[in-house]
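Single-letter residue listing:
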Amino acid sequence: MKPNFKIALIGIALVMGFASCSNDDEPEIPQQSVIPSTKNVFSQGAPKSFNGAKITTNDKGQVTKIVSDDDEITFEYGTFSRADEYQVKMSISDPENAGYEQDFYFQLNDKGFAKKAIRIFLDEPDYVDTWEFGYNDADQLNYARRVEDDEVYRITYTDGNITKVVRTEQEYRYEYDIFYTDSKNSSVLSNKGNVMLLYRAFYIDLQETEIAYYAGLLGKSTNNLPVRLEEVDDEYPYEDIFNWTMTDGLPTTFWSTQDTDKIYFTWK
């Protein structure tokens, strides 16, 4: 059974009005030993575009904006006070969807990866969504929790690849096995581009926080690209086959049997 959620990664526009800034009277948390940057994640450099949206970075390799034909996401780096202190702010809005405006604040660990995030809707500033993140010794995401509904993802790696995802939410439990070879792919596909399709390929629904992966904020990628997912369910067997188009060893197109909408990457 495929989870009944859908993430829209690109359908968003620039937030200009609402900004939180640090209070000079409050103590600052220690600086990270590693600054947040795509350089920490993408060994070949971050993709130039994702699904038609152009990714812009500064001279530190930090993503500053992600822009499609109509929409834009912006990233700011510094110290932002929202009860706790955060080091990255991501702003999202949709001019065609009133009330969609959101600000995300990310609190980083000493490796420059998010350990906590909050989401604030600008038209409901008292309502806050909270996420928590954890990583393995290789700095790969192995735990994610949306606090408000206690939706938890526990992620198992084998030889640098995600091989099992367990999702729990209240009394519900879903378990997925992920594979890197199949009848069409006798050898593994190297993840040279360090891409991670958390929702589409691993069924990890982080909602809009997934966008932060492409800013280098959600840990490092799997070593290889997944080609198949199976839900562990004897009564209702479920399978999703993944398809990749590669150019010069880098993924340029992804689609699956359960969701044929294609995702495109460009690298130059």
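Since the model is a prediction, treat every value here as computed from it, not as a measurement.

Asks: Explanation requested: the overall build of the chain in the structure shown.
Replies: Broken down by element type, the chain carries one helix and 18 strands. A total of 268 residues make up the chain; the buried ones form 54% of that total. A total of about 12600 Å² of accessible surface is found on the chain, and carbon and sulfur atoms cover 46% of it.

Asks: Could you clarify how one ought to interpret the side chain of Asn243 in this entry?
Replies: Mapped onto the elements, Asn243 comes out in strand β16 (residues 238-247). Overall, the relative accessible area of 13% leaves Asn243 in the buried class. At 3.0 Å, the side chain of Asn243 forms a polar contact with the side chain of Lys184. Ignoring sequence-local partners within four residues, the contact set of Asn243 consists of Lys184, Thr253, Phe254, Trp255 and Ser256.

Asks: Quick question: what am I supposed to make of the packing of aromatic side chains here?
Replies: Across all of its chains, the model carries 15 aromatic pairs by this definition. Aromatic side chains Phe50 and Tyr214 sit 4.8 Å apart centroid to centroid with 35° between the ring planes, which places their arrangement in the tilted category. You can see Phe50 sitting in strand β1 (residues 49-50) and its partner Tyr214 sitting in the loop between α1 (198-202) and β14 (224-225), a full 164 residues away along the chain. There is no split in this pair, since Phe50 and Tyr214 are both buried. Between Tyr176 and Tyr203, the ring centres sit 5.2 Å apart and the planes meet at 70°, which makes this aromatic pair edge-to-face. With Tyr176 in strand β12 (residues 172-179) and Tyr203 in the loop between α1 and β14, this pair connects stretches of sequence that are 27 residues apart. Its relative accessible area of 0% is what places Tyr176 among the buried residues.

Asks: So what exactly am I meant to see when it comes to the nonpolar core here?
Replies: As a rule of thumb, nonpolar side chains are buried together in soluble globular proteins. Core analysis: the largest hydrophobic core is formed by 60 residues, its most contacted members being Phe75, Phe106, Phe133, Ile162, Leu197, Tyr214 and Leu218. Residues in contact with Leu218, not counting those within four places in the same chain, are Phe113, Ala114, Phe133, Tyr135, Leu141, Leu198, Leu206, Thr209, Glu210, Ala212 and Tyr213. Formed by five residues, the second largest nonpolar core is a distinct cluster that contains Phe80, Tyr86, Ile118 and Ile120.

Asks: Help me understand the environment of Phe106 in this model?
Replies: Note on placement: Phe106 falls in strand β6 (residues 102-108). A C-alpha to C-alpha distance of 9.2 Å links Phe106 and Ala212, two positions 106 residues apart in sequence. Once you skip the residues sitting within four places of it in the chain, Phe106 turns out to touch Tyr86, Gln87, Val88, Met90, Ala114, Lys116, Ala117, Ala212 and Leu217.

Asks: How do you make sense of the pairing of β16 when you look at a structure like this?
Replies: Each regular strand carries side chains that alternate between the two faces of the sheet. As judged from the four bridges shared by strand β15 (residues 228-231) and β16, these two strands associate in the antiparallel manner. By the bridge assignment, Glu230 is partnered in β16 with Glu239. Here β15 folds back onto β16, and the loop between the two strands holds six residues. Across six bridges, β16 lies against strand β17 (residues 250-256) in antiparallel orientation. Of the residues in β17, the one forming a bridge with Thr245 is Thr253. Where β16 hands over to β17, the hairpin turn is made up of two residues, of which Asp248 adopts a positive phi near 55°.

Definitions and limits used
- Residues numbered from 1 in each chain as written.
- Predicted model: local features only at pLDDT ≥ 70, side-chain atom pairs only at ≥ 80, totals over all residues.
- Heavy atoms only, no water.
- Helix = DSSP H or I, 4+ residues; strand = E, 2+ residues; numbered from the N terminus.
- Buried < 20%, exposed > 50% of the residue type's maximum accessible area, 1.4 Å probe, protein only.
- Areas by Shrake-Rupley, 256 points an atom, 1.4 Å probe, with all protein chains shown as cover.
- Polar contact = N/O pair within 3.5 Å; in protein donor to acceptor, adjacent residues only side chain to side chain.
- Contact = heavy atoms within 4.5 Å.
- Phe/Tyr/Trp six-rings, centres within 6.5 Å; stacked < 30°, edge-to-face > 60°.
- Core = buried A, V, L, I, M, F, W, Y, C linked by side-chain atoms within 4.5 Å.
- Pairing = 2+ DSSP bridges.

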